[in-house]
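Residues per chain, in single letters:
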Amino acid sequence: MKISLSLPSIILTLLLTIFAATGRTQSIVLAKPSIDQLAFQNMEMGVFIHFSIDTYAAPGAIQGSTPASAFNPTHLNADQWVLAAKAMGAKYVVLTARHEQGFCLWPTKTTDYSIKSSPYKNGHGDIVKEFVTACRKYGMKVGLYTPPWIDSHWESIHNGYKGGETANINKLNDPVVYKLDLKKEKQQLKELMTNYGPLVFIWDDHFGRSDVLDSIPLGGRFREFYKEITSYAHSLQPHCLLLGRDVEHVGNENAHASYPLWNALNTIDGTIYTVSKTYKWDHANTGDPLGRLYRPQIAPTTNAFSTGGWMWNGPRKPQPLDRRMKAYYETVGRGSSIIINLTPDRSGLIPTDLVAAAKETGDEIKRRFGHPVAVSTSKAPVQIINFVVSKTFNHVVTMEDLHTGQKISKYIIEAKINGRWNQIVTGETIGHKRIDQFPTVTATALRFKVTGVVSKPAVMRSIAIFNVSGI
């Protein structure tokens, strides 16, 4: 039986209960992650460095019209970017190698609209190289961003381009445009994926956009184009994950993942080249517990960390620490990963207050979750953690072993207080990680019990108990 998440949640819960009661869960074949997807989930947090010609564009400038001569960072320091990301606790960093205006931060052979035509290092610079070198110097994984659908400058000057406005979703239906654009995108990908060493992730922006604009997926050449691009990238670096093909977008930029959250999903056309059936912009993207494909979710944000947009457009301020930590709880704490924007200003440096906020965020995560009251690494779906003496705590962090798929659909946590078990948490999915927060209790033991699964056996990875003060 196939379960559709378009059914009311109460019906879904009932069906899962029936599966468990009848033993049907033992015969279900679940979607399983690749080793690379598991490694990506383990990184949990990444950082976006949005920096390009946009940073120097005049207010109201037409996309792609800012001349390359405007790009002139005077104090650019990729080490500073990477160290700020590392202080926040990120494990990888993604740079906008080419953003939507089309300006390339490396000396590409595909266009003169690049760093080689700018004053930066007298046209001999290569910011992608500087960035990659800094990441590897400090033990950070490397990611890059490109937007295959939009290259405003190329479109505006190319003699063969007939697609009309940049944001026209149907422009790739023109066979001339399709052929020209695909050739250029493949050439740029080849440069980025063969000249700079191994990459962990490519954010190929706007993947699946045609499928979620309206109630009816548009598909067409747009979908085919992204299939060609991501297949080609995968052939160049098989272990590099791509947004859409390998990693699912949560569906918003507000650092908010759905709950319950399933890494399994079914796509619109059944292939790996389209978005989940539950994906819709600014709506819940829950995944499907019985989905055929495994695709970890990622939550991007700039507004949860600082004011302002993705690119520098003037002074911005860090959000209060509580808002930044709320983003962590509502993404990583729900089984998703998070990627946070740290944008450099026109000098090429991340402003000092944003650097300080990044460190403050990382320090706070360590303060809250660096010193557990108790830890269990038992794989059992039911376990009791006894304390030698009474312990006071208000957080439990659970992790599911996902090697054979995500299975847990319901669980409870109890605390033994004055000799009696008291229920303190009821939850649904765990996935990579679930952070449960509750009023502070003092107890002599904790009991964790899986009460619902989509397939047996449920396998735990760890349970950690924390007493977080001052929140």
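Higher on the page you've got the structure.
Attention in this report is confined to the structure presented alongside it. (Residues numbered from 1 in each chain as written. Predicted model: local features only at pLDDT ≥ 70, side-chain atom pairs only at ≥ 80, totals over all residues. Heavy atoms only, no water.)

**Quick notes on the nonpolar core**
Short version of the rule: To define a nonpolar core, start from buried Ala, Val, Leu, Ile, Met, Phe, Trp, Tyr and Cys residues and group those joined through side-chain atoms within 4.5 Å. Partly exposed describes any residue whose relative accessible area lies between the buried limit of under 20% and the exposed limit of over 50%, with all areas from a 1.4 Å probe on protein chains only and scaled to the type maximum. Contacts between residues were defined by any pair of non-hydrogen atoms, one from each residue, lying within 4.5 Å.
F71, W81, I127 and V128 are the most contacted members of the largest nonpolar core, which totals 82 residues. Contacts of V128, omitting those with residues within four sequence positions, involve L95, A97, L105, W106, L144, L192 and Y196. The next biggest cluster of nonpolar side chains, apart from the first, holds 22 residues, and it includes Y411, I430, A443 and F448.

**Points about the sheet that holds strand 2 (residues 92–96)**
The criterion, for reference: At least two DSSP bridges between two strands are required for those strands to pair. Only DSSP runs of H or I with at least four residues qualify as helices, and only runs of E with at least two residues qualify as strands; both kinds are numbered from the N terminus onward.
With parallel pairing, 8 strands are arranged side by side in an open sheet as 5-4-3-2-1-10-9-6. Either end of the sheet is taken by a strand with one partner, and the two such strands are strand 5 (241–242) and strand 6 (248–249). By the bridge criterion, 4 bridges tie strand 3 (residues 141–146) to strand 4 (residues 201–204) in an arrangement that is parallel. Residue pairing in the sheet places L144 in a bridge with I202 of strand 4.

**What about helix 10 (residues 352–369)?**
Selection criterion: An expected span of 1.5 Å times one less than the residue number is assigned to each helix. The directions considered for the arc are those from the helix axis to the C-beta atoms.
Between the first and last C-alpha of helix 10 there are 26 Å, a value that for 18 residues agrees with the 26 Å anticipated at 1.5 Å per step. The complete set of buried residues in helix 10 reads L354, A357, A358, T361, G362, E364, I365, R368 and F369. With its buried residues spanning 160° around the axis, helix 10 presents them on a single face. Along helix 10, exposed side chains directed more than 90 degrees from the buried face belong to T352 and K366.

**Observations regarding the side chain of T146**
Its location among the elements puts T146 in strand 3. The exposure class assigned to T146 is buried, which follows from its relative accessible area of 6%. Every residue in contact with T146, bar those within four places of it in the chain, is listed here: R98, L192, I202, W203, D204 and D205.

**A short note on the pairing of strand 12 (residues 382–400)**
Here 12 bridges tie strand 12 to strand 15 (residues 434–453), and the two strands are oriented antiparallel to one another. Bridging from a neighbouring strand, I385 pairs with L446 of strand 15. Bridge analysis of strand 12 against strand 16 (residues 460–466) gives 6 bridges, and the strand direction is antiparallel. Bridged to E400 within strand 16 is M460.

**A look at the sheet that holds strand 14 (residues 420–427)**
Stated precisely, the cut-off is as follows: Lines are fitted to the C-alpha atoms to define the axes, a helix being fitted only along its stretch in contact, and any angle between axes, read from their N-to-C directions, falls within 0 to 180 degrees.
An order of 11-16-12-15-13-14 is seen for the 6 strands of this open sheet, with the pairing classed as antiparallel. Of all the strands in the sheet, just strand 11 (374–376) and strand 14 have a single pairing partner and so form its edges. Each neighbouring strand pair of the sheet contributes to a mean axis angle of 30°, computed without reference to strand direction. Examined bridge by bridge, strand 13 (residues 408–417) and strand 15 share 8 bridges and lie antiparallel to one another. Pairing of K416 across the sheet is with A445, part of strand 15.

**A look at helix 8 (residues 220–236)**
Here helix 8 is 17 residues long and its end C-alpha atoms lie 25 Å apart, about the 24 Å a rise of 1.5 Å per residue gives. Residues of helix 8 that are buried include every one of F222, F225, Y226, I229, T230 and A233, and no others. Angularly, the buried residues of helix 8 cover 120° about the axis, an arc narrow enough to put them on a single face. For helix 8, the elements touching its buried residues are helix 6 (175–194), strand 4, helix 7 (209–212) and strand 5.

**Section: the packing of helix 6 against helix 8**
Convention followed: Any angle that is under 35 degrees is reported as roughly parallel, and any over 145 degrees as roughly antiparallel; angles of 65 to 115 degrees are reported as roughly perpendicular and all others as oblique. Throughout, a crossing is termed right-handed when the near helix is turned clockwise from the far one, and left-handed when it is turned anticlockwise from it by less than a right angle. For this classification, Asp, Glu, Lys and Arg are treated as charged, while Ala, Val, Leu, Ile, Met, Phe, Trp, Tyr, Cys and Pro are nonpolar and the rest, including Gly, are polar.
It is at 10 Å that the axes of helix 6 and helix 8 come closest, and there the two elements cross at 25°. Compared by their axis directions, helix 6 and helix 8 come out roughly parallel. Handedness of the crossing formed by helix 6 with helix 8: right-handed. Here Y178, D181, L182, E185, K186, L189, K190, M193 and T194 of helix 6 lie close against helix 8, whose contacting residues are R221, E224, F225, E228, I229, Y232, A233 and L236. Residues that form the contact of helix 6 with helix 8 fall into these classes: 9 nonpolar, 1 polar and 7 charged.

**So, the environment of I49**
By the element assignment, I49 lies in strand 1 (residues 45–49). Given a relative accessible area of 0%, I49 falls into the buried group. Along the chain, I49 and D79 lie 30 residues apart, while their C-alpha atoms are 12 Å from each other. Residues within four places of I49 in sequence aside, it is in contact with W81, V93, V94, L95, T96, L342, P344 and I350.

Everything listed here is a matter of coordinates, which is why it stays silent on function.
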